[in-house]
Amino acid sequence: MSSIQATRMLTPGPTPIPDRVRLAMAAPLLHHRKDAFKTILAENQVMLKSLFCTESPVLPLACSGTGGMTAASFNLFEPGEKVLVATAGHFGNRWVDIVTQRGLDPVVLRKEPGTSFDPEEIRAMLDDDPAIRGVFMQISETSTGVLHPVQEVAAVTRERNVLLVADGISAVSISPVRMDEWGIDCLITGSQKGLMLPPGLAFVALSPRAWKRAAEVRPQCYYFDLTAERASCEKNQTHYTSPISLLVGLHEALTMLQEMGMDNVFKKQWALTQMARTGIAAMGMELFVKEGRYTWGLTSVRMPDDLPAGPVVAKAFKECGVILTAGQGNLKDKVLRLAHMGWIDWGDLAAGLHALAWSLPERPSGAYIEEALDAYHKALGE
Ligand SMILES: *Cc1c(COP(=O)(O)O)cnc(C)c1O
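Computed from a predicted structure; not experimentally measured. (Residues numbered from 1 in each chain as written. Predicted model: local features only at pLDDT ≥ 70, side-chain atom pairs only at ≥ 80, totals over all residues. Heavy atoms only, no water.)

**Comments concerning the overall build of the protein chain**
Secondary structure assignment for the protein chain yields 14 helices and 15 strands. A compact globule built from 382 residues should have a C-alpha radius of gyration of about 21 Å, and the protein chain, at 21 Å, falls within 12% of that. Dimensions of the protein chain, computed from the C-alpha atoms along their principal axes, are close to 60 × 55 × 40 Å. For the protein chain, long-range pairs separated by at least 24 residues make up 72% of all intrachain contacts whose partners lie at least 6 apart in sequence. A total of about 15,900 Å² of accessible surface is found on the protein chain, and carbon and sulfur atoms cover 53% of it. For the protein chain, the distance from the average position of its 37 positive side-chain charges to the average position of its 42 negative side-chain charges is 4 Å. (Helix = DSSP H or I, 4+ residues; strand = E, 2+ residues; numbered from the N terminus. Rg over C-alpha atoms; globule rule 2.2 N^0.38 Å. Contact = heavy atoms within 4.5 Å. Areas by Shrake-Rupley, 256 points an atom, 1.4 Å probe, with all protein chains shown as cover. Lys, Arg positive; Asp, Glu negative; His and termini not counted. Charge placed at Lys NZ, Arg CZ, Asp CG, Glu CD.)

Next comes the structure, spelled out in structure tokens:
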């Protein structure tokens, strides 16, 4: 059935794909072992390193983001090793599951969803237990919209024999992440959030000391062998058959990011976040993350007890064509997420705010769109 309105994906993955990227991916397939494709992979490496702010190779893997998380756990630690997992939500809990399946011995630092970690508490835990060999955390916890203090935690881990593994899947290319300067040992992202691509690629980069560790570890995982991937990467190849079209699309997306300039992209993300927060508050809805450490790619709403997120999400899609998302796990009813990451601008977000307001049982009065747009322009410095 045809619709009279566009479908807008304001979701924390997948996100809309620019026409330039879609068209690049529609080109006839290149062969993945021939020179034309090797040139694309070589150029991707240069742009990926610049995106991650690292000198290390950034390995593309044919899998969703969770595959990158799995690769990190299997390549950097041996079964039985003690690690600290800091979790305050659904994706933090995923780290617990992954490292447990790898046979690691996790010490879990668990915080209330919607809050973030105190780096001093992590420092104290590492001081108390020198057997801890790694710290696993998110940079942005997508289930709640919290930005965790990765830079501060890296300042703690880098002065110890402890590897910091950071899930940057909803942070890289959304808010600044400087791998080498901060001292992150393993940085992971995926294709379908800030990178303006379909799902299907994960990216993993390791610091020099993480590569040393990887050389000692037997990954015991045939597909995710980062040492083998690195050797192929140095020849501008991937170890197994490349996800050719996605890597061609990546080349176009990275070129677009480069043309826009990452500082401008981050500024836009910041301004969209101010716009979303202002609009939601002006509607009389409650922000799930009150102040301080909120992520720049989505804004979460704390739903009133008598109004679960599900029916609001359903109505926004049915009547406005806007895809919003409910919470995850036990926050399913309590949180509604309005994402604004990747190829999204103020017009899309205005549509998202309208769809949210339209789908509440009582239409909010007042000029929430005007206020939101004022906040957007103010944040952009216009
Ligand atoms: C989306 C997301 C993931 C999972 O990625 P998949 O591609 O679904 O495997 C993991 N961590 C964070 C923080 C995410 O936002």
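**Focus on the sheet that holds strand 15 (residues 335-339)**
Taken together, four strands build an open sheet; the order of strands is 11-12-15-14 and the sheet is antiparallel. Edge positions in the sheet fall to strand 11 (286-287) and strand 14 (325-326), since each of these pairs with one other strand and no more. Across two bridges, strand 14 lies against strand 15 in antiparallel orientation. Its bridge partner being in strand 15, Ala326 is matched across the sheet by Leu336. Here helix 11 (residues 262-282) sits on the sheet in contact with strand 11, strand 12 (298-302) and strand 15, set at roughly 20° to strand 12. Most of the contacts of helix 12 (residues 309-320) go to strand 15, to which it runs at about 35°, and overall it touches strand 14 and strand 15. (Pairing = 2+ DSSP bridges. Axes fitted to C-alpha atoms, helices over the stretch in contact; angles between N-to-C directions.)

**Some details on the pattern of salt bridges**
Opposite charge on two side chains makes pairing possible when the charged atoms of those side chains draw close. Considering all chains together, one arrives at 17 salt bridges under this definition. A salt bridge links Arg213 to Glu216; the nearest nitrogen and oxygen atoms lie 3.0 Å apart. Here Arg213 and its partner Glu216 are both found in helix 8 (residues 208-216), three residues apart, which amounts to about one turn of the helix. For Arg213, a relative accessible area of 18% corresponds to the buried category. (Salt bridge = Lys/Arg side-chain N within 4 Å of Asp/Glu carboxyl O. Buried < 20%, exposed > 50% of the residue type's maximum accessible area, 1.4 Å probe, protein only.)

**So, the packing of helix 12 against helix 13 (residues 346-358)**
Packing of helix 12 against helix 13 brings their axes to within 8 Å, and their N-to-C directions diverge by 115°. Judged by the twist between their axes, the crossing of helix 12 over helix 13 is right-handed. Facing Val312, Lys315, Ala316, Glu319 and Cys320 of helix 12, the residues of helix 13 in contact are His354, Ala355, Leu356 and Trp358. Its residues assigned to classes, the contact of helix 12 with helix 13 comprises six nonpolar, one polar and two charged. (Left-handed = near helix turned anticlockwise from the far one by under 90°. Nonpolar A, V, L, I, M, F, W, Y, C, P; charged D, E, K, R; others polar.)

**Observations regarding the domain arrangement of the protein chain**
Its domain assignment divides the protein chain into domain 1 (8-13 + 261-380) and domain 2 (19-259). Domain 1 and domain 2 are separated by 27 Å when their C-alpha centres are compared. With 24 residues of domain 1 at the contact, the number on the domain 2 side is 29 residues. Buried area between domain 1 and domain 2, summed over both chains or domains, comes out near 2,200 Å², and the portion from carbon and sulfur atoms is 66%. For the interface between domain 1 and domain 2, the tally reads zero salt bridges. Our enumeration of links across domain 1 and domain 2 arrives at nine residue pairs in polar contact (both at pLDDT 80 or more). Looking at the side of domain 1 that touches domain 2, the elements that each hand over two or more residues are helix 11, strand 12 and strand 15. No other element matches the four residues that helix 11 contributes to the side of domain 1 that touches domain 2. Taken together, the residues that form the side of domain 1 that touches domain 2 break down as 13 nonpolar, nine polar and two charged. (Domains from an automatic or database assignment. Buried area = accessible area lost by both parts, 1.4 Å probe. Polar contact = N/O pair within 3.5 Å; in protein donor to acceptor, adjacent residues only side chain to side chain.)

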